[in-house]
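# Notes for the structure review
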Amino acid sequence: MKKQWQWRKHEPFLASEMAQSLHISTFLAEILLGRGITTVEEGVHFLHDTVADAADPHLMKGLDKAVERLQSAIEKKEKIVVYGDYDVDGITATVILYSILRDLGACVDYYIPERQSEGYGLHQEALEQLVQAQTDLLVTVDCGIASAALVSAFNSAMDIIITDHHEPPPQVPPAYAVLDAKQPDCTYPYKELAGAGVAYLLGRTLWKQMRHTTLTKYAEIAALGTIADLVPLTGENRALVKAGLQRMREGANPGLNKLFSIANIPRQRVQAGTIAYLIAPRLNASGRLSHAKRGVQLLLAEETDPQITLIAEELSALNKERQAIEKQISQQAVQQIKAGGHEQDGVLIAYGEEWHPGVIGIAASRVVEKYYRPALVISVHNGIGKGSCRSIDGFHMYQALQYAADLLIQFGGHQMAAGFSVAVENIEALRQRLCEYAAKEMKAEDYVPKIVIEGELLASDITLALVQEMEQLEPYGMKNARPIFAIKEANINDVKMVGTDKSHLQMKIRSTTPNVLTAIGWSMGEMYSNYWLDTADIAFQLDLNEFRGEITPQLVLKDIRAKKEDIHLNRAVMVDIYQLIHSYAKRFAFYGSSNSVPEIEQGRLQQYLLQERQRQYGGAVVYAVVRVLMELGILQLRLSSHGPVYVLPLIAHKLQLLDSATYRKYYAREEG
């Protein structure tokens, strides 16, 4: 997918002043300026704020009333139930509030709805069961803001406190108290807390009220939910995640420690990305394929709990199962979009009967990754579609659903992700309505993914010290992405596919110093055959790679731009390179499962050809010759048990070079 490079503009004078005042390098100061941090005071807040620097919690509308009611319930031994959600934010918010109330001596229990049978949010049957169980006080976490009718129906049977962070609808529930910073009349200044963040704010304030000390426990759980819910890692979220990551590294939660162990993650190296890509999916798997209470149980478990290892292994197994199901649905969704001719729609919609509703959100993310367009994936059951949405920069998904509200049964969410239900007969009308909304709100260039380049580096600039200084910008996440840099005309060699399924791209970048940098392109393996390059412009993020106790800089590739080369092909060049392939095959080919035609490992042959002829012709010419041979059927590319291989089939009929479109294109330039 073509990407637009946007170079960050720098202000050297301001950067120099900020660097001196903050005792950081000008290089780091320029990055802060690029993120809108334009004063020394803002820089101090960004680099050094802690949870203690958060706004006055009493500015949160409804908080004082909620604290008073909870304290009364604890003292009177009333039954309190924390009503959560089945994603990681809901799981962690449940764990936080349940744990704090338990520690304060409350008579407390929790309830997590089952994703498939109950779905998101409050449900009448569940509330009826809780009333029958003589619940005195119900506290929602990460849900409830859109349940005005249900709250109205049940708030005479039990007191209800809503804590949420989603966009409130016009009618806010008539609960005993409602905590959601996004309410129009809420004066709490930071509006981006996750559900876990709101629960932690309430719990810490209650703890302070009753114990007269500052609570530091459970920051690791709040950080986990904040990272997983993809809220901006700025301001208070950033401070909370920093504190929580430190507690994770110290081993504060036995359940998390067990997940780290099973995932082979050194606890001391845990970062926000580790949580987002390796830990959160395992916890999410419980709510997607089983029941989210297994995730709650793991995070509540003590070190001596005999179930702790079993639950952690169960979640990891569920995550593998989830990956397989999600891959199948994602492929079906893409095929449906292609077959319907919808690839250029402003909003993409795919739906299927009985698609597993627990993984459609991830499938929607995969569609976005492929097309860079807002995507909705819908699972249809008994005539009702349950949908999950993922968005791109500039497209507000919740507002888009509001635009189509008359077609939906219910919906909720925020700018980048949302959920809804819809009658199956309204799905095509929903597609048209959302595309209409996109046509009003989006421009053509909004559908081209943008890469913001912080600056240009030389390969020799990239040192361990530079990468370590960049760690001051962590934790990375939404609205605080890991910075991207570029090297122009990087010297590239030793390109190969890596990983158990050969899905990743690896290359070496040489510099004027003796150092050789390793660059890794995650999930870029399928582009491997395009990179017969000797030089290219590369965009990348800086990271550290630890191997056998040695820590070195590593480049994480985000894009590669090959330089435009003049390619000239003629019969002599074709014969020369074909003879090289033929001679290589005689020495190194092996016979695959068919045992009839020789096979050559793709990476080894490409490396050999580049070593032998790159200086003479250039990598682009060598690659063009291979393309000609493949178009003529002289070479074939297959996937074998050894990975991608070239096959040299027997050709019985005479071939003409001009039968190849690639040869005609480049032959005409030189000899036409």
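Residues numbered from 1 in each chain as written. Predicted model: local features only at pLDDT ≥ 70, side-chain atom pairs only at ≥ 80, totals over all residues. Heavy atoms only, no water.

The name given to the protein in an unreviewed UniProt entry is Single-stranded-DNA-specific exonuclease RecJ, with Megasphaera hutchinsoni as the source organism. Checking UniProt for the protein, the heading Sequence similarities (unreviewed entry) contains the comment "Belongs to the RecJ family." (UniProt positions renumbered as here; feature names shortened; annotations may be inferred.)

Let us look at the side chain of Lys182. Along the polypeptide, Lys182 turns up in the loop between β6 (177-179) and α8 (195-211). It is Glu192 that comes nearest to the buried, bridge-free Lys182 among opposite-charge side chains, at 4.5 Å. What Lys182 contacts, discounting residues up to four positions off in sequence, is His165, His166, Glu167, Pro168 and Lys191. (Helix = DSSP H or I, 4+ residues; strand = E, 2+ residues; numbered from the N terminus. Buried < 20%, exposed > 50% of the residue type's maximum accessible area, 1.4 Å probe, protein only. Lys, Arg positive; Asp, Glu negative; His and termini not counted. Salt bridge = Lys/Arg side-chain N within 4 Å of Asp/Glu carboxyl O. Contact = heavy atoms within 4.5 Å.)

Taking the UniProt record as the reference, the feature "coiled-coil region" (unreviewed entry) is found at residues 308-335. For residues 308-335, the end-to-end C-alpha separation is 41 Å, with 100% helix and 0% strand making up the annotated structure.

A word on the nonpolar core. In terms of nonpolar packing, the biggest core is built from 123 residues, with Ile80, Leu101 and Leu376 touching the most fellow members. Of the domains in this structure, domain 3 (55-313) and domain 4 (340-445) are the two that each give at least three residues to this core. Excluding residues within four positions of it along the chain, Leu101 makes contact with Leu70, Ile74, Ile80, Val82, Ala106, Val108 and Leu206. If you look at the next biggest cluster of nonpolar residues, it comprises 40 residues, including Met18, Phe485, Ala536 and Leu542. (Core = buried A, V, L, I, M, F, W, Y, C linked by side-chain atoms within 4.5 Å. Domains from an automatic or database assignment.)

Moving on: the sheet that holds strand β11 (residues 417-423). One open sheet accounts for 5 strands, arranged β7-β8-β9-β11-β10; its pairing is mixed. Every interior strand has two partners, whereas the edge strands, β7 (348-353) and β10 (410-413), have only one. Along the sheet, successive strands turn relative to each other by an average axial angle of 15 degrees, direction set aside. Where β7 and strand β8 (residues 375-381) come together, 6 bridges link them in parallel fashion. (Pairing = 2+ DSSP bridges. Axes fitted to C-alpha atoms, helices over the stretch in contact; angles between N-to-C directions.)

Let's shift gears to helix α21 (residues 619-631). Along its 13 residues, α21 runs 18 Å from first to last C-alpha, staying within 8% of the 18 Å computed at 1.5 Å per residue. In terms of residue burial, α21 counts as a mostly covered element, since 10 of its 13 residues are buried. For α21, the full list of buried residues reads Gly619, Ala620, Val621, Val622, Tyr623, Ala624, Val625, Val626, Val628 and Leu629. Gly633 sits one or two residues past α21 and shows a positive phi near 85 degrees. (Expected span 1.5 Å × (residues − 1).)

Let us now look at the pattern of salt bridges. If you walk through the whole model with that rule in mind, you get 17 salt bridges. Notably, a salt bridge pairs Glu369 with Arg366, separated by 3.1 Å at the nearest N-O pair. Taken as a pair, Glu369 and Arg366 lie in helix α15 (residues 360-371) at a separation of 3 residues, close to a single helical turn.

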